[in-house]
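Residues per chain are reported as follows:
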Amino acid sequence: MEKENIIRMLNKTDKAVMTSLVNGEMFSTEIETNKALERSAVINSARKLLSLGLIRIDNITSTGVRLTALGKQYLTEGLPEYRVFNFIKKHGAVTYKQIFSGLSMDKNELNAAVGSLKKSSFITVEKDRVTINPDKEKEIVRKNSMLSAVEGGQSIDPEEISDLIKRGIVEQIESIREKLSITALGKEITKDREFAEEYLDKLSADNIKNWEGLRFREYSRNPEILNSLSGRSNIKTKFISFIKDAMVSMGFSEMHSNYVESSFWNFDVMMFRQDHPDRDIQDTVYLTAGGGKIPEGLLQRVKKVYERGFRRSKYDESIGYRKEFDGAKSSSLIMRGHTTATTFRYIYEFISKNKDKPAKFFSVDKGFRNETMDSTHLLELYQIEGIVYGDNLSVADLIGYIKQFYKRIGIEKIRLKPTYNPYTEPSLEIQAFSPKLKRWLEVGNSGVFRPETLEPFGITKNIIAWGFGMERMLNLKLEMSDIRDLYGAYTDIDLLRDISSAKIFSEF
Ligand code: PHE
């Protein structure tokens, strides 16, 4: 591309970023502060300049420090030892008693502060008199000022504040920063006369009317540049729509429901026992609010089956849990832990009202878990949920659907293992082999709904159902080893951009 054309594509921020780099490399954060720019503006600019070949970006990992909640508190109050030292200094010589009554501080904190001051001879105790050691004043002022230095983001050797780290006042964090440097072409461009020219980059009603004599920034029509600058849908979004297409082509209709759900639809309706470890299978995110609306008749029927079971015939009966069911707990709200909550809403709304009609539903939607994130666990995950209702369905049909689905996705190495769910019997866990992690991963769960869960709806036929984890599936497809690579700021943008990664879906 012509140099002149490149220059005309640069806006004010781009130019500011480039001029910042003329005298040497810089962190994007330094550019932000120097030029009073927003972080997102600098990052956007940097991406654009990178694709134009004007700058280079290196990600530098470094360990930094930051104040903990306690550290923040001390930042306003002063370190306990600093406060004690100042108190003594102010009063000349004091007794222990005066220190303890004069300072409103936590007693343990105060004890520890006095102890450490004494130990490192910041204060001297003679008989009953406590005095400061004036030689030490500088040192303690400096120590206290470390808090604002940390807060202000100054680079500090962790060695120097090891005491504050040990006491949980400061913590070490790992951060990744983008270091930008200018390329030869970039440098050349900054020297060009045209570079100093200002162009308008926003149209207004006024300058459209009086456009003569105004210089506007150019937009490139070069396909290569357009390609590198234009947006793409995220690979997850693509994958989800491929899955949805696949489900629809197999005759399934899509279900939707809300993220915030009542305990009733997430647990009770599925016969999860109340106050029982069954509920811990899902690390639930509880909300403090209550008030989920529940159909009263259904609630009563669930209670009845929960407590006493049912009797359809001599050989088709259940005794229930023989425990009291507390309907008052049912309306408390949570973030739904699984999309099986959606499934049961559809069983209620559609299947129970059209019992003669076979039905197939699916959803690809989020479930929420209060878990620790790691390479195979997320706090928010997409579940691919499916149910089939019809005559004479059995676990063989379930296995058939599962195998067909994974085959269609292109994951061949799967195996099924018996497992436990409060709401299905039998229950099958789906495992897939990850060549990257070299182990079997749980990728889904499934089963035939227990008669107890369907009795309140008056449904006596079998319903087969499953829930597959979308992210783990995509991880396997992309041969990634860490599920977090699909999310967040450090996702590999090239992977997401790479058209060839879309090719893996062409098998559909
Ligand atoms: N709800 C289950 C899960 O979150 C998946 C599942 C759905 C299991 C339907 C059985 C039947 O893991």
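Given the structure is predicted, the values throughout are model-derived calculations rather than measurements.

Caption draft 1: Quick look at the overall build of the protein. Secondary structure summary: the protein contains 22 helices and 17 strands in total. The C-alpha radius of gyration computed for the protein amounts to 32 Å, which surpasses the reference 23 Å derived for 508 residues by more than 25%, pointing to a less compact arrangement than a globule. Projected onto the principal axes, the alpha-carbon positions of the protein cover approximately 90 × 85 × 50 Å. In the protein, the proportion of contacts linking residues at least 24 apart, taken out of those at least 6 apart, comes to 69%. Computing the positive centroid from 77 side-chain charges and the negative centroid from 72, the protein places the two 2 Å apart.

Caption draft 2: The domain arrangement of the protein, seen in detail. For the protein, the domain assignment lists domain 1 (3–64 + 178–229), domain 2 (69–168) and domain 3 (236–257 + 337–497). Between domain 1 and domain 2, the C-alpha centre-to-centre distance is 49 Å.

Caption draft 3: Molecular detail of the sheet that holds strand β7 (residues 260–262). Spatially, the three strands line up as an open sheet ordered β7-β11-β8, and their pairing is antiparallel. Each end of this open sheet is capped by a strand with a single partner; those strands are β7 and β8 (285–286). Sheet analysis places β7 next to strand β11 (residues 333–335), joined by three bridges and oriented antiparallel. From the neighbouring strand, Val260 faces β11, where its bridge partner is Met335.

Caption draft 4: Looking closely at the pattern of salt bridges. What the rule picks out here adds up to 32 salt bridges. Where Glu81 meets Arg167, a salt bridge forms, and the shortest distance between an N and an O atom there is 2.9 Å. Taken as a pair, Glu81 in helix α6 (residues 80–91) and Arg167 in the loop between α10 (162–166) and β5 (170–182) lie far apart in primary sequence, 86 residues in all. You can call Glu81 buried: its relative accessible area is 3%. A salt bridge links Glu261 to Arg345, with the shortest nitrogen-to-oxygen separation between them at 2.8 Å.

Caption draft 5: Looking closely at the site of the ligand. His338, Thr340, Arg369, Gln383 and Tyr423 are the nearest of the 14 residues found near the ligand. At a separation of 2.9 Å, a nitrogen atom of the ligand approaches a polar side-chain atom of Tyr423. With the chains in place, 93% of the 320 Å² that the ligand exposes on its own is no longer accessible. Elements supplying a minimum of two residues to the shell around the ligand: β13 (380–389), β16 (439–449) and β17 (463–469). For the shell around the ligand, the class distribution of residues is three nonpolar, nine polar and two charged.

Caption draft 6: Main features of the environment of Ile387. Residue position: Ile387 is located in strand β13. Residue Ile387 is classed as buried on the basis of its relative accessible area of 0%. Taking the C-alpha atoms as reference, Ile387 lies 11 Å from Gly251; in sequence the two are 136 residues apart. With near-sequence residues (within four places) excluded, Ile387 lies in contact with Phe252, Thr343, Ile347, Ile351, Ala359, Lys360, Phe361, Phe449, Ile463, Ile464 and Ala465.

Caption draft 7: Representation of the sheet that holds strand β2 (residues 55–67) in the model. Strand order in the open sheet formed by three strands is β1-β5-β2, with antiparallel pairing between adjacent strands. Looking at which strands have only one partner, the edges of the open sheet turn out to be β1 (26–27) and β2. Looking at chain direction, β2 and β5 are connected through 13 bridges and run antiparallel. Within β5, the residue paired with Leu67 across the bridge is Val170.

Caption draft 8: Spatial organisation of the environment of Ser352. Secondary-structure assignment places Ser352 in the loop between α17 (340–351) and β12 (359–368). In sequence terms Ser352 and Leu203 are 149 residues apart; their C-alpha atoms lie 58 Å from each other. Discounting residues that sit within four places of it in the chain, Ser352 has contacts with Ile347, Phe457 and Ile459. Among the polar contacts listed, one links the side chain of Ser352 to the backbone oxygen of Tyr348, at a separation of 2.7 Å.

Caption draft 9: Looking closely at a nonpolar patch on the surface. Judged by side-chain polarity, Leu200, Trp211 and Leu214 come together as a nonpolar surface patch covering roughly 280 Å² of accessible area. Looking at where Leu200 falls in the secondary structure, it is placed in the loop between α11 (184–191) and α12 (205–209).

Caption draft 10: View of helix α4 (residues 39–51). Between its first and last C-alpha, α4 extends 19 Å over 13 residues, near the 18 Å set by a 1.5 Å rise per residue. Among all positions of α4, only Val42, Ile43, Ser45, Ala46, Lys48 and Leu49 are buried. Immediately beyond the C-terminal end of α4, within one or two residues, lies Gly53, with a positive phi of roughly 75°.

Caption draft 11: The packing of aromatic side chains, seen in detail. Overall, the coordinates contain 23 aromatic pairs when judged by the stated rule. For the pair Phe252 and Tyr401, a centre-to-centre distance of 6.0 Å together with 85° between the ring planes defines the contact as edge-to-face. In this pair, Phe252 is assigned in the loop between α14 (235–249) and β6 (253–254) and Tyr401 in helix α18 (residues 395–409), connecting sequence segments 149 residues apart. The pair formed by Phe252 and Tyr401 is uniform in burial state, with each residue classed as buried. With centroids separated by 4.9 Å and ring planes inclined at 70°, the aromatic side chains of Phe267 and Phe272 adopt a geometry described as edge-to-face. Taking the relative accessible area as the measure of exposure, Phe267 reaches 1% and is therefore buried.

Caption draft 12: The arrangement of the side chain of Gln274 in detail. Turning to its location among the elements, Gln274 is positioned in the loop between α15 (263–266) and β8. In contact with Gln274, not counting residues within four places along its chain, are Asp268, Arg279, Tyr306, Glu324, Phe325, Asp326 and Lys329.

Caption draft 13: A look at unusual backbone geometry. Backbone torsion omega between Glu425 and Pro426 reads 0°, so that peptide bond is classified as cis. Along the chain, Pro426 turns up in strand β15 (residues 424–434). One non-glycine residue, Glu479, lies in the positive phi region at around 55°. Along the chain, Glu479 falls in the loop between α20 (470–478) and α21 (493–497). According to the relative accessible area criterion, Glu479 is exposed, its value standing at 57%.

About the criteria used
Residues numbered from 1 in each chain as written. Predicted model: local features only at pLDDT ≥ 70, side-chain atom pairs only at ≥ 80, totals over all residues. Heavy atoms only, no water. Helix = DSSP H or I, 4+ residues; strand = E, 2+ residues; numbered from the N terminus. Rg over C-alpha atoms; globule rule 2.2 N^0.38 Å. Contact = heavy atoms within 4.5 Å. Lys, Arg positive; Asp, Glu negative; His and termini not counted. Charge placed at Lys NZ, Arg CZ, Asp CG, Glu CD. Domains from an automatic or database assignment. Pairing = 2+ DSSP bridges. Salt bridge = Lys/Arg side-chain N within 4 Å of Asp/Glu carboxyl O. Buried < 20%, exposed > 50% of the residue type's maximum accessible area, 1.4 Å probe, protein only. Near = heavy atom within 4 Å. Polar contact = N/O pair within 3.5 Å; in protein donor to acceptor, adjacent residues only side chain to side chain. Areas by Shrake-Rupley, 256 points an atom, 1.4 Å probe, with all protein chains shown as cover. Nonpolar A, V, L, I, M, F, W, Y, C, P; charged D, E, K, R; others polar. Patch = residues over 30% accessible without salt bridge, like charges linked within 9 Å, V, L, I, M, F, W, Y side chains within 5 Å. Expected span 1.5 Å × (residues − 1). Phe/Tyr/Trp six-rings, centres within 6.5 Å; stacked < 30°, edge-to-face > 60°.

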